[in-house]
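A closer look at the structure
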Amino acid sequence: MKDVPVYDNHIHLDPRGRNIEALKEFEAAGGTGLTLVTLPYKDVQISCADDFRRSYGITLSMAERGRELTELKINVAVGPYPVLLLPLAERLGLERAEAIMRDGMRIAADLVAEGRADVIGEIGRPHFPVPNEIVEASNRILVYGMELASANGCPVMIHSESGSPELMAELSEMAGSSSLDPGMVIKHFSPPLVLEAENSGVMPSIPASRKTVREALSKSDRFMLETDYIDDPERPGAVMSVNTVPKKVLGMLSSGEMSAETAWRIGADTPDSLFTRRR
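Model, not experiment: these values are computed from the prediction. (Residues numbered from 1 in each chain as written. Predicted model: local features only at pLDDT ≥ 70, side-chain atom pairs only at ≥ 80, totals over all residues. Heavy atoms only, no water.)

**Thoughts on the pairing of strand β4 (residues 119-124)**
Counting buried positions along β4 yields six of six residues, so the element is predominantly enclosed. Sheet analysis places strand β3 (residues 73-78) next to β4, joined by two bridges and oriented parallel. Looking at the pairing, V78 lines up with I120 of β4. Direction of pairing for β4 relative to strand β5 (residues 156-159): parallel, over a ladder of four bridges. Within the sheet, the bridge partner assigned to G121 lies in β5 and is M157. (Buried < 20%, exposed > 50% of the residue type's maximum accessible area, 1.4 Å probe, protein only. Helix = DSSP H or I, 4+ residues; strand = E, 2+ residues; numbered from the N terminus. Pairing = 2+ DSSP bridges.)

**What about the nonpolar core?**
Ranked by size, the top nonpolar core spans 73 residues in total, and within it I120, M146, V156 and V185 carry the most contacts. Of all the elements, helix α4 (residues 94-113) adds the most residues to this core, at nine residues. Counting 17 residues, the second-largest nonpolar core is a separate cluster that includes A208, V213, V245 and M252. (Core = buried A, V, L, I, M, F, W, Y, C linked by side-chain atoms within 4.5 Å.)

**Notes on helix α3 (residues 85-92)**
Along α3, the residues classified as buried are L85, L88 and A89. End-on, the buried residues of α3 take up no more than an arc of 100°, which puts them together on one face. On its buried face, α3 is in contact with α4 and α5 (132-152). (Arc of directions from axis to C-beta. Contact = heavy atoms within 4.5 Å.)

**Examining helix α9 (residues 244-255)**
Helix length check: α9 (twelve residues) gives 16 Å between terminal C-alpha atoms against 16 Å at 1.5 Å per residue, within 8%. Listed in full, the buried residues belonging to α9 are T244, V245, P246, K248, V249, M252 and L253. Tucked inside the fold, the buried residues of α9 contact β1 (7-11), α1 (20-28), α8 (210-217), β8 (224-226) and α10 (260-275). G256 occupies a position one or two residues after α9 and carries a positive phi of about 85°. (Expected span 1.5 Å × (residues − 1).)

If you want it as structure tokens, here you go:
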């Protein structure tokens, strides 16, 4: 079983956190690959486009160091975290805030075009109730990101309110209007909506709880697994421990709940198909 690919589609690292030690723990548990996703860092307050460039640079540096010190395959997602729109709008007004978020999206797309990043994300809209004007601006920014993803042949990773068939249909429609294949839209922290009738072609990335994985596997193997590990030194192991995906996959393989073929699809075939750029 040590040759089985094990992929975590959503891991954050923090320069102040465990950082490379967390990646080594993931690898030691059986992990073979991951998507390293940028987050706002405490050392960089976002006020203009260049701040996004600095923030993404931190993510890229951690990814490069991870490749040097482990054997892990590391894909990188960069994009303007959608909740940032709120403090920007409060400080600078919504129009200026939206323009800065669009700048952050464009810089992320440039990094994909340069081959330094693989995904535009996590982008979308706040996961909690906000005024309609924030939702509308967030949707405009998201559609712009989808258009850039289509132009660059890469996926987008979506941060939004909790997934539902209705949300998946909305994301699929947005993608279609942006000339982006809905299959290149990855819904982060998705419920096990793994049938096309449930997800409208959007790719679900589901939290690696045993209950959720079992429910997903009872229907299909078209999904990815994630922890949303955030590497917060004040909250060790949040949201899930970094070794969760390897433990779940290898444990379910050992118990017979998951076949090797399914493990290969989830851990290699699906991420490889998404993170190989299409021009």
